[in-house]
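Survey of secondary and tertiary structure
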Amino acid sequence: MVFVGAQWGDEGKGKVVDVLSERAQAVVRFQGGHNAGHTIYVDGVKTVLHLIPSGILRPDVLCVIGGGVAVSPTDLLNEIADLERQGVRVRDRLTIAPTCPLILPLHRELDLARERRRGNDPIGTTGRGIGPAYEDKVARRAVRVAHLLDRTCLREALAEVSDYHNFLLENYYRWTPVDIGSMEAELERLASTLSPMVRDPVPELARIRTSGGSILFEGAQGTMLDLDHGTYPYVTSSNTTASAALSGAGVGMRDIDAVYGITKAYTTRVGWGPFPTELDDPVGESLARRGREAGATTGRARRCGWLDAVVLRHSVKLNGLGGLCLTKLDVLDGMEELKICVSYRHPRMRDPTIWLDPTLLSECEPIYETLSGWTEPTTGTRDFLALPESAQSYVRKVEELAGVPVVFLSTGMERKDCIQLKEIL
Ligand code: IMP
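Residues numbered from 1 in each chain as written. Predicted model: local features only at pLDDT ≥ 70, side-chain atom pairs only at ≥ 80, totals over all residues. Heavy atoms only, no water.

1. Looking at the overall build of the chain
For the chain, the count of helices and strands is 12 helices and 16 strands. Radius of gyration (C-alpha) of the chain: 21 Å, near the 22 Å computed for a compact globule of 425 residues. Out of the 425 residues belonging to the chain, those deemed buried represent 58%. Long-range contacts, defined here as pairs at least 24 residues apart, represent 76% of the contacts in the chain between residues at least 6 apart. Accessible surface computed for the chain: about 17,700 Å², of which carbon and sulfur atoms make up 50%. Put simply, the chain has 49 plus and 56 minus side-chain charges, and the middle of one group is 1 Å from the middle of the other. (Helix = DSSP H or I, 4+ residues; strand = E, 2+ residues; numbered from the N terminus. Rg over C-alpha atoms; globule rule 2.2 N^0.38 Å. Buried < 20%, exposed > 50% of the residue type's maximum accessible area, 1.4 Å probe, protein only. Contact = heavy atoms within 4.5 Å. Areas by Shrake-Rupley, 256 points an atom, 1.4 Å probe, with all protein chains shown as cover. Lys, Arg positive; Asp, Glu negative; His and termini not counted. Charge placed at Lys NZ, Arg CZ, Asp CG, Glu CD.)

Laid out in structure tokens, this is it:
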């Protein structure tokens, strides 16, 4: 079962996956890196995950970092240490695929240098080195997790990328080069701690499926940030849509029995690029404040706007979504009226296929349907029929516009603040 972000990320995938992992045998991350930030609240304790799958708070669940994930060894070990300080057992439950490309300090520097070079048209990356690390993968020169298992292999692989990137940093970007010796020494130091967790996840995942177990595939970022299908070039450097679960984990099509999209009850975006329903006004500010819309990874303020059903319909098609998990419904409490974008109008173009071009999309005017809001608080509601009628109508309208049912509703930050409208697992 695959869970992907249906918008521009930060939809609350971590919470949904954490809730549903209660009945799963494994949770797998299949793309992205520590640009992701998945926040989970259990009994008032906040856990923020970046690379480790959101099944880690369930002691019997196997957690897998699939080969499609770009791994920063330093950040992964820091995350493990943070969890262990919280009393969470990690090392015997975490499998790291040997095929993951590594994110090195060089990649981070390149990410920052590139953004600087773009001047007043940056992508607004998280500055974590994600793009440059995936570039090395495609260029077939990546240093991979497997290299950590053998010192000679590691040194050889590092020498190749270091020469290349330091040349680029110094001579093209006029940037300070990275000290290769200390990078190598740091990696060698981390290698011995990570090595026991490195193993091919493919046989274990196949075994779980054959024995009838459930595997949750946890996406990172969101559909509109997909490298191929999102608002290119203002996207991340991996495929965030459901099909990436297969290649990024190492399973077959028959191993996927359903795909669900996570969407907020409104829309947010971090970083630059078109965002048709963005509200640059007190309503947007109020959504940001009430929804605590600051990035879990970078702390950057998120741009906020009304829910966009054009985006949701696109997501349904791209991912083959069987349903939606709607989060942060309670953030809309107390708003007099609510809007949902049902279509776009472009001043010159009629052709609906061009709507993903960033310039054209930024020129589109959203056409809204207005719905009435509700005054009663919905935070923590656990029964759909206990929701105010207008809130129920809002959910029904989302289903009608997206063309798929809402199967799960999140009504607050805590694990238990949710309503399952349909048996998912
Ligand atoms: P990168 O993934 O750091 O290269 O950033 C590329 C774009 O994706 C930027 O707009 C980022 O803000 C956005 N992005 C990356 N990861 C996330 C995420 O986890 N949530 C939301 N946006 C993200």
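2. Examining the sheet that holds strand β11 (residues 307-308)
Judged by pairing direction, the sheet is mixed, and its 3 strands sit side by side in the order β11-β13-β14 without closing on themselves. Every other strand in the sheet has two partners, leaving β11 and β14 (365-372) as the edge strands with one partner each. Lying on the sheet, helix α12 (residues 389-402) is in contact with β11, β13 (337-345) and β14; it crosses β13 at an angle near 15°. (Pairing = 2+ DSSP bridges. Axes fitted to C-alpha atoms, helices over the stretch in contact; angles between N-to-C directions.)

3. Section: the site of the ligand
Among the 15 residues in the neighbourhood of the ligand, the closest are listed as Asp10, Asn35, Thr126, Thr236 and Arg300. Within the backbone of Gly124, an N or O atom sits 3.3 Å from an oxygen atom of the ligand. Within the contact set of the ligand, an oxygen atom lies 3.1 Å away from a backbone nitrogen or oxygen of Val270. Grouping the amino acids of the shell around the ligand by side-chain chemistry returns 6 nonpolar, 7 polar and 2 charged. Taken domain by domain, the shell around the ligand gets at least three of its residues from each of domain 1 (2-87 + 201-420) and domain 2 (105-197). (Near = heavy atom within 4 Å. Polar contact = N/O pair within 3.5 Å; in protein donor to acceptor, adjacent residues only side chain to side chain. Nonpolar A, V, L, I, M, F, W, Y, C, P; charged D, E, K, R; others polar. Domains from an automatic or database assignment.)

4. So, the packing of helix α10 (residues 309-319) against α12
Across the interface, α10 lies against α12 with an axial gap of 9 Å and an inter-helix angle of 55°. Between α10 and α12, the interaxial angle falls into the category oblique. Between α10 and α12 lies a crossing of right-handed hand. Along the contact surface, α10 presents Ala309, Leu312, Arg313 and Val316, while α12 presents Val398, Leu401 and Ala402. For the contact of α10 with α12, the residue count by class is 6 nonpolar, no polar and 1 charged. (Parallel < 35°, antiparallel > 145°, perpendicular 65-115°, else oblique. Left-handed = near helix turned anticlockwise from the far one by under 90°.)

5. Here we look at the packing of aromatic side chains
Taken as a whole, this structure holds 4 aromatic pairs when the rule is applied. With a centroid separation of 4.8 Å and 80° between ring planes, the pair formed by Tyr172 and Tyr173 is classed as edge-to-face. Looking at Tyr172, the relative accessible area reads 45%, which means it is partly exposed. Residue classification places Tyr173 among the buried positions, given a relative accessible area of 14%. Taken together, a centroid distance of 6.1 Å and an interplanar angle of 65° make the contact between Trp374 and Tyr394 edge-to-face. Here the residue Trp374 occupies a position in the loop between β14 and α12, and Tyr394 occupies one in helix α12, the gap between them amounting to 20 residues. As far as burial versus exposure is concerned, Trp374 and Tyr394 are alike and both buried. In this structure, Arg117 packs its charged tip against the face of Tyr172, placed 4.5 Å from the ring centre. (Phe/Tyr/Trp six-rings, centres within 6.5 Å; stacked < 30°, edge-to-face > 60°. Lys NZ or Arg CZ within 6 Å of the ring centre and 35° of its normal.)

6. Things to note about the domain arrangement of the chain
Domain annotation for the chain reports domain 1 (2-87 + 201-420) and domain 2 (105-197). Here the C-alpha centre of domain 2 lies 29 Å away from the C-alpha centre of domain 1. Taken together, the contact pairs 26 residues of domain 1 with 19 residues of domain 2. For the interface between domain 1 and domain 2, the tally reads 0 salt bridges. In the side of domain 1 that touches domain 2, the residues fall into 11 nonpolar, 14 polar and 1 charged. (Salt bridge = Lys/Arg side-chain N within 4 Å of Asp/Glu carboxyl O.)

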